[in-house]
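Observations on chain architecture
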Amino acid sequence: SIAELSSLRRDISQESGSMEALHGCVTEMVGKLASVSRELEAVRSTVSEHSEALQDQERVMELKKALQRLKDDDRQLSIRLACVRHDLSQRECRRSVGVSYA
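These remarks concern the structure in this document.

This paragraph deals with the overall build of the chain. Counting secondary structure elements, the chain contains one helix and zero strands. Since a compact globule built from 102 residues should have a radius of gyration of about 13 Å, the 43 Å found for the chain marks it as more spread out than a globular shape. Expressed as a percentage of its 102 residues, the buried residues of the chain come to 0%. Roughly 9,500 Å² of accessible area belongs to the chain as shown, and the carbon and sulfur atoms make up 60% of that amount. Charged side chains of the chain number 16 positive and 17 negative; the gap between the two group centres comes to 15 Å.

Before going further, it helps to examine the pattern of salt bridges. In the structure shown here, the tally under the stated rule is four salt bridges. Notably, a salt bridge pairs arginine 95 with glutamate 92, separated by 3.9 Å at the nearest N-O pair. One end of the pair is arginine 95 and the other is glutamate 92, both in helix α1 (residues 2–101) and three residues apart, which spans about a single turn.

Before going further, it helps to examine the environment of arginine 91. Along the polypeptide, arginine 91 turns up in helix α1. For arginine 91, a relative accessible area of 53% puts it in the exposed group. Each C-alpha atom, one on arginine 91 and one on leucine 81, is 15 Å from the other, the two residues being ten residues apart in sequence.

With that settled, the discussion passes to the state of the cysteines. Following the criterion strictly, the structure yields zero disulfides and no others. Cysteine 83 takes part in no disulfide bond, and the closest cysteine sulfur, belonging to cysteine 93, lies 16 Å away. Residue class for cysteine 83 comes out partly exposed when judged on its relative accessible area of 44%.

Criteria and cut-off values
Residues numbered from 1 in each chain as written. Predicted model: local features only at pLDDT ≥ 70, side-chain atom pairs only at ≥ 80, totals over all residues. Heavy atoms only, no water. Helix = DSSP H or I, 4+ residues; strand = E, 2+ residues; numbered from the N terminus. Rg over C-alpha atoms; globule rule 2.2 N^0.38 Å. Buried < 20%, exposed > 50% of the residue type's maximum accessible area, 1.4 Å probe, protein only. Areas by Shrake-Rupley, 256 points an atom, 1.4 Å probe, with all protein chains shown as cover. Lys, Arg positive; Asp, Glu negative; His and termini not counted. Charge placed at Lys NZ, Arg CZ, Asp CG, Glu CD. Salt bridge = Lys/Arg side-chain N within 4 Å of Asp/Glu carboxyl O. Disulfide = S-S within 2.5 Å.

Quick look at the structure:
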C-alpha cells in the first residue's frame, strides 16, 4: 500500500543518511589512519637510526678494546724480546770470556 511504500521510502532515506554519515566517518578514520601510519614510520625510522648509532658505538667500543689488547700484547712481546736479547747477550759475553781464558 501507499502508506507502506511511504514508510519504506522514509526508512530508506534515513538509512541513506546514516550510510552517508558512516561513509564520512570511515573517510575521516582512513585519513587518521594514514596520519598515524606516517607518524609510526617516522618513529620506526628514528628508532632504527638510534639503534644503528648504538651499534656503531658498541662496535667502536669493541674496536677500542681490541686495540688495547693489541697494545698490551705488543708491550708483552717487547718485554719478552728484550729479555731474550739480554739472555743472548749474556751468553755471548760468557762465551767470549770463556774463549779468552782458554
